[in-house]
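Per-entry structural report
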Amino acid sequence: MKHLYATLLILTLVGPTMKLFAADVKTAPRPTSSETACHGTAIEFVNTPVEAAKLAGQQKKLVLVLHVSGYFEDPNFT
Amino acid sequence: VNALANAEVGKFVNKYFVSSFQRVGSFQINKGQKQGGNVATYFCTPDGRVLHVIAGPVDAKAMLKEANWVIEKTKEAIQGSKGNAAKFKALMRKHHAESLESEFGVRVTPVLKDQIMQNLETASAYRDSKGRRLAPVLPLPPIENGKAVPAKSAQVHRLMAAHALMKIEDLYGAIFQGILGETVTTKPVQADTPFTKRKSG
């Protein structure tokens, strides 16, 4: 699986020209934000989608955004 | 939340994604019954254009499957588009249509060019409880072989066959209200934590 994704390229759409960028993500370091927190999960969250987008562009990664409206600690409330 | 707490999911997501969260609504307990409360997971480009979505809570196996799908199909689309953004968008929509047919037997024709979007003042819209327009209702591609689309993941593929690479703010209403059936009570807002009962760390 690692080999399959070793050459993963990341798309960045920039401005009205929708210019494509691409880069190898294998060597991308982890996010450098000092504000990451897992909130009891295995996922490292940054504070805002804006910050996530900025870091993803720098680190050649994609962005994951969670939209929530419940208590995820209790499956009965999600 | 079980999927998000899974070590394998965390390793994979942290390797390929930078993650964040927003609140898009609230829920209430009325006579012991939950009203509202749900989750949607968006996989996006760094500028907030949506590649794929998981609608609702899933287990770790499903989360990994969908995250893998995003990485694999994005890689294929980048290689196939050779730097052309319009072609990249078309390829991602084709991938959604192909997955809809191969996994669920539902055939649709992907919408390869964006339709002219009406603005929120003129479009049919998802509204909050006070009637304020929050997000547009997005047209779905017609089903060509008469199959039903009961699974949420199938509904997502159908939606994304026409609207992949849209901005998350234009898509969230169709996911949270259109597919999950939850009332969108606010535009997405920042929150201190998505897991209000958990300790940070």
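**A short note on the overall build of chain A**
Looking only at helices and strands, chain A features two helices and three strands. Ordered by position from the N terminus, the helices and strands of chain A form the series α-β-β-α-β. Out of the 78 residues belonging to chain A, those deemed buried represent 49%. Residue pairs in contact within chain A that sit at least 24 positions apart in sequence constitute 25% of those at least 6 positions apart. Surface summary for chain A: the accessible area is close to 3800 Å², and the carbon and sulfur share equals 58%.

**A word on the packing of helix α4 (residues 85-104) of chain B against helix α5 (residues 152-163) of chain B**
Between two packed helices, both the angle of their axes relative to each other and the distance between the axes serve to describe the pair. All names here are of chain B. The N-to-C vectors of α4 and α5 enclose an angle of 150 degrees; their axes lie 7 Å apart at closest approach. The pairing of α4 with α5 is recorded here as roughly antiparallel in orientation. For α4 against α5, the interelement crossing comes out left-handed. Contact residues: Arg93, His96, Ala97, Ser99, Leu100, Glu103 and Phe104 in α4; Ser153, Ala154, His157, Arg158, Met160, Ala161, Ala162 and His163 in α5. A class-by-class count of the residues in the contact of α4 with α5 yields seven nonpolar, five polar and three charged.

**So, the sheet that holds strand β1 (residues 17-23) of chain B**
Ordered by their spatial adjacency, four strands build an open sheet running β1(B)-β3(A)-β4(B)-β5(B), and the pairing between neighbours is mixed. Where the open sheet ends on each side, the last strands, each with one partner, are β1 and β5 (50-55) of chain B. With strand direction ignored, the average angle separating the axes of adjacent strands in the sheet is 20 degrees. Two elements, strand β4 (residues 39-44) of chain B and β5 of chain B, share five bridges in a ladder whose sense is antiparallel.

**Things to note about the packing of aromatic side chains**
All names here are of chain B. Enumeration over the complete set of coordinates arrives at three aromatic pairs over all chains. When the ring of Phe12 is compared with that of Tyr16, the centres are 4.9 Å apart and the planes differ by 50 degrees; the resulting orientation is tilted. Here Tyr16 and Phe12 lie together in helix α2 (residues 7-16), a separation of four residues that amounts to about one turn. Like Tyr16, Phe12 is buried. Geometrically, the ring pair formed by Phe17 and Phe43 is tilted, given 5.3 Å between the ring centres and 55 degrees between the ring planes. Highlighted residues: Phe17 in strand β1 and Phe43 in strand β4, separated in sequence by 26 residues. Each of the two residues, Phe17 as well as Phe43, counts as buried.

**Regarding the confidence of the model for chain A**
All names here are of chain A. With 44% of its residues at a pLDDT of 70 or more, chain A has an overall mean of 63. Ranking the helices and strands of chain A by mean pLDDT puts helix α2 (residues 49-59) first, with 94, and strand β2 (residues 19-21) last, with 33. Contacts for the low-pLDDT stretch residues 1-31, under 50 throughout, to residues beyond four places or in other chains number 73 contacts.

**A short note on the pattern of salt bridges**
Residue and element names in this part refer to chain B. On inspection of all chains with the given rule, the structure shows six salt bridges over all chains. Note that Lys65 is salt-bridged to Glu103, the shortest N-O span being 3.2 Å. One end of the pair, Lys65, is in helix α3 (residues 60-81); the other, Glu103, is in helix α4, and 38 residues separate them in sequence. The class of Lys65 is partly exposed, set by a relative accessible area of 43%. Residue class for Glu103 comes out partly exposed when judged on its relative accessible area of 35%.

**Focus: the pairing of β1 of chain B**
Judged by how many residues are buried, β1 of chain B sits mostly within the fold: seven of seven residues are covered. Residues of β1 of chain B alternate between two faces, with Phe17, Ser19, Phe21 and Arg23 of chain B on one and Val18, Ser20 and Gln22 of chain B on the opposite face, all of them buried.

**What about the packing of α3 of chain B against α4 of chain B?**
Residue and element names in this part refer to chain B. For the pair α3 and α4, interaxial distance at closest approach is 9 Å and the crossing angle is 135 degrees. Put simply, α3 runs oblique to α4. In terms of crossing hand, the pair formed by α3 and α4 is right-handed. For the pair α3 and α4, contact is made by Lys65, Trp69, Lys73, Thr74, Glu76, Ala77, Ile78, Gly80 and Ser81 and by Lys87, Phe88, Leu91, Met92, His95, His96, Ser99 and Glu103, respectively. When grouped by side-chain class, the residues that make up the contact of α3 with α4 number six nonpolar, six polar and five charged.

Reading guide: rules and limits
- Residues numbered from 1 in each chain as written.
- Chains lettered and ligands numbered in written order.
- Predicted model: local features only at pLDDT ≥ 70, side-chain atom pairs only at ≥ 80, totals over all residues.
- Heavy atoms only, no water.
- Helix = DSSP H or I, 4+ residues; strand = E, 2+ residues; numbered from the N terminus.
- Buried < 20%, exposed > 50% of the residue type's maximum accessible area, 1.4 Å probe, protein only.
- Contact = heavy atoms within 4.5 Å.
- Areas by Shrake-Rupley, 256 points an atom, 1.4 Å probe, with all protein chains shown as cover.
- Axes fitted to C-alpha atoms, helices over the stretch in contact; angles between N-to-C directions.
- Parallel < 35°, antiparallel > 145°, perpendicular 65-115°, else oblique.
- Left-handed = near helix turned anticlockwise from the far one by under 90°.
- Nonpolar A, V, L, I, M, F, W, Y, C, P; charged D, E, K, R; others polar.
- Pairing = 2+ DSSP bridges.
- Phe/Tyr/Trp six-rings, centres within 6.5 Å; stacked < 30°, edge-to-face > 60°.
- pLDDT = per-residue confidence, 0-100.
- Salt bridge = Lys/Arg side-chain N within 4 Å of Asp/Glu carboxyl O.

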